[in-house]
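Listed here are the chains, written in short residue letters.
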Amino acid sequence: MHVVLYPGSFDPIHNGHVDIAQRAAHLFDELVVAIYDTPSKRLLFDTATRVRLAQESLKHLVNVRVISYQGLTVDCAHREGATAIVRGLRATSDYEYESQMALTNKALAPDIDAVCLITSLKYAYLSSSILKEVAALGGNISNWVPPNVQQALHLRFRQGEG
Ligand code: ADP
């Protein structure tokens, strides 16, 4: 039974994340999407909302669970019984950061490996921060997010956030 962890801020989840989750769920027995409770980044959505949006967006995948966590990602992976951490790679800039993270995690927890999946071409330019910027300015984001996330962003920016 191969359980893998897909950690991140997911602020909010978008179609690039969903694509990686779908592909990882196809490769492994169980995928745990782990939403980092307190990243150093400034967040738009609170943890409960990020978890709910991810759960709704991934409900078609039977072997996927969504949780939130605090502390070290490798500790979360151990708690969940995961043997690897899945990450998505867009550009070479992602590679530099991800290889540093993977080596750090390996030093902390030699039993946990890193699995990086290359983004699908159509999502290669997509990031949560670009998405929020376009949504805040009233641009069309319907090709980049599931409908529930589109609605949540729309509501948030109508309320004058960001
Ligand atoms: P973090 O705060 O850890 O960077 P994110 O929520 O931004 O978390 O992203 C989570 C993971 O999803 C990371 O591995 C990131 O590289 C990956 N990811 C983000 N956007 C895309 C995309 N468009 N295509 C593929 N992977 C992506």
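The structure this text deals with has already been given above.
Here the structure is a predicted model, which means the values were calculated and not measured. (Residues numbered from 1 in each chain as written. Predicted model: local features only at pLDDT ≥ 70, side-chain atom pairs only at ≥ 80, totals over all residues. Heavy atoms only, no water.)

**Student:** Looking at this structure, how should I read the pattern of salt bridges?
**Tutor:** One side chain can pair with another of opposite charge once the charged atoms of both are near each other. On inspection of all chains with the given rule, the structure shows eight salt bridges. Between Glu30 and Arg65 there is a salt bridge, with the nearest N and O atoms lying 2.8 Å from each other. Separated by 35 residues along the polypeptide, Glu30 in strand β2 (residues 30-36) and Arg65 in strand β3 (residues 64-69) bring together distant segments of the chain. Residue Arg90 pairs with Asp94 through a salt bridge whose shortest N-O separation is 2.9 Å. (Salt bridge = Lys/Arg side-chain N within 4 Å of Asp/Glu carboxyl O. Helix = DSSP H or I, 4+ residues; strand = E, 2+ residues; numbered from the N terminus.)

**Student:** I keep staring at the pairing of strand β5 (residues 113-118) and nothing clicks. Help me out?
**Tutor:** Pairing between strand β4 (residues 84-89) and β5: six bridges, direction parallel. Bridged to Val86 within β5 is Val115. (Pairing = 2+ DSSP bridges.)

**Student:** Even after reading the chapter, I still don't get the packing of aromatic side chains, so can you show me in this structure?
**Tutor:** In this description, an aromatic ring pair is defined by two values, namely the gap between the centres and the angle between the planes. Per the stated rule, a full pass over the model turns up three aromatic pairs. Summarising the aromatic geometry, the rings of Tyr6 and Phe10 are spaced 5.1 Å apart at their centres and angled 85° between planes, so their arrangement reads as edge-to-face. Taken individually, Tyr6 and Phe10 each receive the classification buried, so the pair is uniform in this respect. Seen from their ring centres, Tyr36 and Tyr69 are 5.2 Å apart, and the 35° between their planes marks the pair as tilted. Of this pair, Tyr36 sits in strand β2 while Tyr69 is found in strand β3, placing the two residues 33 residues apart along the sequence. The exposure class of Tyr36 is partly exposed, given its relative accessible area of 25%. (Phe/Tyr/Trp six-rings, centres within 6.5 Å; stacked < 30°, edge-to-face > 60°. Buried < 20%, exposed > 50% of the residue type's maximum accessible area, 1.4 Å probe, protein only.)

**Student:** Looking at this model, I keep getting lost on the site of the ligand. Mind explaining?
**Tutor:** In the vicinity of the ligand there are 18 residues, among which Ser9, Phe10, Lys41, Gly88 and Tyr123 approach most closely. Take Tyr6: an N or O atom from its side chain is 2.9 Å from an oxygen atom of the ligand. At 3.3 Å from a nitrogen atom of the ligand is found a side-chain nitrogen or oxygen belonging to Arg90. Protein coverage of the free-state accessible area of the ligand, which is 550 Å², stands at 90%. Given that more than half its atoms are within 2 Å of the pocket grid, the ligand belongs to the largest pocket. For the shell around the ligand, the secondary-structure elements that each account for two or more residues are β1 (3-8), α1 (15-27), β4 and α4 (92-108). For the shell around the ligand, the class distribution of residues is six nonpolar, seven polar and five charged. (Near = heavy atom within 4 Å. Polar contact = N/O pair within 3.5 Å; in protein donor to acceptor, adjacent residues only side chain to side chain. Areas by Shrake-Rupley, 256 points an atom, 1.4 Å probe, with all protein chains shown as cover. 1 Å grid on protein atoms, 1.4 Å probe; cavity = no way out; pocket = protein on both sides within 12 Å on 5 of 7 lines; lining within 4 Å. Sits in = over half its atoms within 2 Å of the grid points. Nonpolar A, V, L, I, M, F, W, Y, C, P; charged D, E, K, R; others polar.)

Shape is all these values report; function is a separate question.
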